[in-house]
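The residues making up each chain are set out below.
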Amino acid sequence: MQSRQVSMQNAGPSQDQDRNVPLAIMALLTETALMIAIASVAKLLAPEISIQVIILFRYVFCLPLLVILSLWQFGREAFAVTDFRTLAYRSVFGLLGITFFMFAIAAIDITKATAIQQLLPVFITLLAPFILGERVGIRRWSAVCAGLVGALVLIRPDLEGWLQPGVAYALAAPLFAALMFIFLRKLGASDSPAKTAMLYNMFGTAVFSVWCSFGDFDWPTTRIEVVALVACGLVASLQQWLMAVSHKLAPASTLAPIHYSSVPLSIVSGILLFGENITLTFVLGTSIIIGSTYYIFVRDRRIRT
């Protein structure tokens, strides 16, 4: 999830982007598949290893590539921050977003957690007027309402109730991710995506290092578990790089539908690895959410154009 910051910072098209659309789509599809793979590994390991430890490994082993890229691009300026306050907000909300998402996939079906994550544009549209002062018209407000209705259909509170922890985690994840993206919009004017991604992962490493040091958590006990956790961190850095590449090769508006590929990919993972069932309400609720968020994206593009 955190790697999707780049889509907000590289939305402007360039002269040769159209010629690179197939490569951009391939890069973004690969990034999405890697995201689902990381989530699937985390869900498989969650019964034996604490989620906090899984996230710690993700942050620690995601850092090397990001540090190398930042130092290569900026040298000594890699650690310089222009807007520290906004970076702090971005880092805190980004950490909360990924933490709640990981807790969600451990507690509920990976298909449902991934589908609820598609509410991200809905929450961005809902919060941006209050934080950034952006004007949202009646059409986009209607799309926001439709997205929230889709979430109700998907979650089915009449059967499962609002007190189920996994549902609360799944709703909190896109909410905090939306706050992260909003502050990332402000941060994009002063600092580069590579630099902010590196500093954010350093912050996450520090927070979870302290948390895991003072808590009683379950750590990996076998070599296979350690290798799987290290691989998740390394793949996460590759995931972020692929996201950046895709949005340099093609406009964000062109790539918007590709993000929704996470839903069918999570369905494949959920059925094959976890024996999850796909219900009619899941299909209906997910379709409403995706339709509303795609309309928000298209409407936003038209207004900016």
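Everything that follows concerns the structure shown earlier in this document.
The paragraphs below set out a description of the structure included in this document. This one's a predicted model, so the numbers in the text were calculated from it and none came from an experiment.

## Some thoughts on the overall build of the protein
On a plain count of helices and strands, the protein comes out with 14 helices and zero strands. Put simply, the protein has 305 residues, and 51% of those count as buried. Within the protein, contacts between residues separated by at least 24 positions form 90% of all contacts whose residues are at least 6 apart in sequence. When the accessible surface of the protein is split by element, carbon and sulfur atoms take 67% of a total near 14,100 Å².

## Structural notes on a nonpolar patch on the surface
A cluster of nonpolar side chains, contributed by L44, V268, I271, L272, L273, I278 and V283, occupies part of the molecular surface with about 620 Å² of accessible area. At four residues, helix α13 (residues 262–274) tops the list of elements feeding residues into the nonpolar patch. You can see L272 is positioned in helix α13.

## As for the environment of S213
Tracing the backbone through its elements, the reader meets S213 in helix α10 (residues 193–214). Counting along the chain gives 160 residues from S213 to V53, while the straight-line C-alpha distance between them is 9.8 Å. One polar contact links the side chain of S213 to the main-chain carbonyl oxygen of S209, over a distance of 2.5 Å.

## Thoughts on the environment of S246
Along the chain, S246 turns up in helix α11 (residues 223–249). Taking the C-alpha atoms as reference points, S246 and M26, separated by 220 residues in sequence, lie 8.0 Å from one another. Sequence-distant contacts of S246, defined by excluding residues within four places in its chain, comprise A24, A27, L28 and L255. A polar contact is formed between the side chain of S246 and the backbone oxygen of M243, at a distance of 2.8 Å.

## A word on the side chain of S40
With respect to the element layout, S40 can be found in helix α2 (residues 21–45). Of note is the side chain of S40, whose polar atom sits 2.6 Å from the side chain of S269. Those residues in contact with S40 that sit more than four places away from it in its chain are I110, S269, L273 and F274.

## So, helix α7 (residues 138–155)
Because each turn of an α-helix spans 3.6 residues, side chains separated by three or four positions end up pointing in the same direction. Taking 1.5 Å per residue as the helical rise, α7 with its 18 residues ought to reach 26 Å, and the 26 Å between its terminal C-alpha atoms agrees with that figure. Turning to α7, its buried residues are R140, A143, V144, G147, G150, A151, L154 and I155. Summarising the axial view, the buried residues of α7 lie within an arc of 125°, below the 170-degree limit, and thus occupy one face. One or two residues past the end of α7 sits R156, with phi positive at roughly 55°.

## Some points on the packing of helix α4 (residues 84–107) against helix α5 (residues 110–117)
At a closest axis distance of 7 Å, the pairing of α4 and α5 adopts a crossing angle of 145°. Between α4 and α5 lies a crossing whose hand is right-handed. Counting all contacts with α4, which are made through F101, A104 and I105, the residues of α5 involved are I110, A113, T114 and Q117. Grouping the constituent residues of the contact of α4 with α5 by class yields five nonpolar, two polar and no charged.

## Regarding the packing of helix α3 (residues 51–74) against α4
Running from amino to carboxyl end, α3 crosses α4 at an angle of 130°, the nearest separation of the two axes being 10 Å. Relative to α4, α3 is oriented oblique. The handedness of the crossing between α3 and α4 is right-handed. Between α3 and α4, the contacting residues are I51, Q52, I54, I55, R58 and Y59 on the first element and G94, L95, I98, T99, M102, F103 and A106 on the second. In terms of residue class, the contact of α3 with α4 is made up of nine nonpolar, three polar and one charged.

## Here we look at the packing of aromatic side chains
Under the defined criterion, the tally for this structure stands at twelve aromatic pairs. Aromatic pair F103 and Y169: ring centres 5.5 Å apart, planes at 50°, arrangement tilted. Of this pair, F103 sits in helix α4 while Y169 sits in helix α9 (residues 165–187); the two residues are 66 residues apart in sequence, bridging distant segments of the chain. Judged by its relative accessible area of 26%, Y169 falls in the partly exposed class. Across from the ring centre of Y59, 5.1 Å away, lies the NZ or CZ of R58, which sits over that ring. Note that R90 overlies the ring of Y200, its terminal NZ or CZ placed 4.2 Å from the centroid.

Definitions and cut-offs
- Residues numbered from 1 in each chain as written.
- Predicted model: local features only at pLDDT ≥ 70, side-chain atom pairs only at ≥ 80, totals over all residues.
- Heavy atoms only, no water.
- Helix = DSSP H or I, 4+ residues; strand = E, 2+ residues; numbered from the N terminus.
- Buried < 20%, exposed > 50% of the residue type's maximum accessible area, 1.4 Å probe, protein only.
- Contact = heavy atoms within 4.5 Å.
- Areas by Shrake-Rupley, 256 points an atom, 1.4 Å probe, with all protein chains shown as cover.
- Patch = residues over 30% accessible without salt bridge, like charges linked within 9 Å, V, L, I, M, F, W, Y side chains within 5 Å.
- Salt bridge = Lys/Arg side-chain N within 4 Å of Asp/Glu carboxyl O.
- Polar contact = N/O pair within 3.5 Å; in protein donor to acceptor, adjacent residues only side chain to side chain.
- Expected span 1.5 Å × (residues − 1).
- Arc of directions from axis to C-beta.
- Axes fitted to C-alpha atoms, helices over the stretch in contact; angles between N-to-C directions.
- Left-handed = near helix turned anticlockwise from the far one by under 90°.
- Nonpolar A, V, L, I, M, F, W, Y, C, P; charged D, E, K, R; others polar.
- Parallel < 35°, antiparallel > 145°, perpendicular 65-115°, else oblique.
- Phe/Tyr/Trp six-rings, centres within 6.5 Å; stacked < 30°, edge-to-face > 60°.
- Lys NZ or Arg CZ within 6 Å of the ring centre and 35° of its normal.

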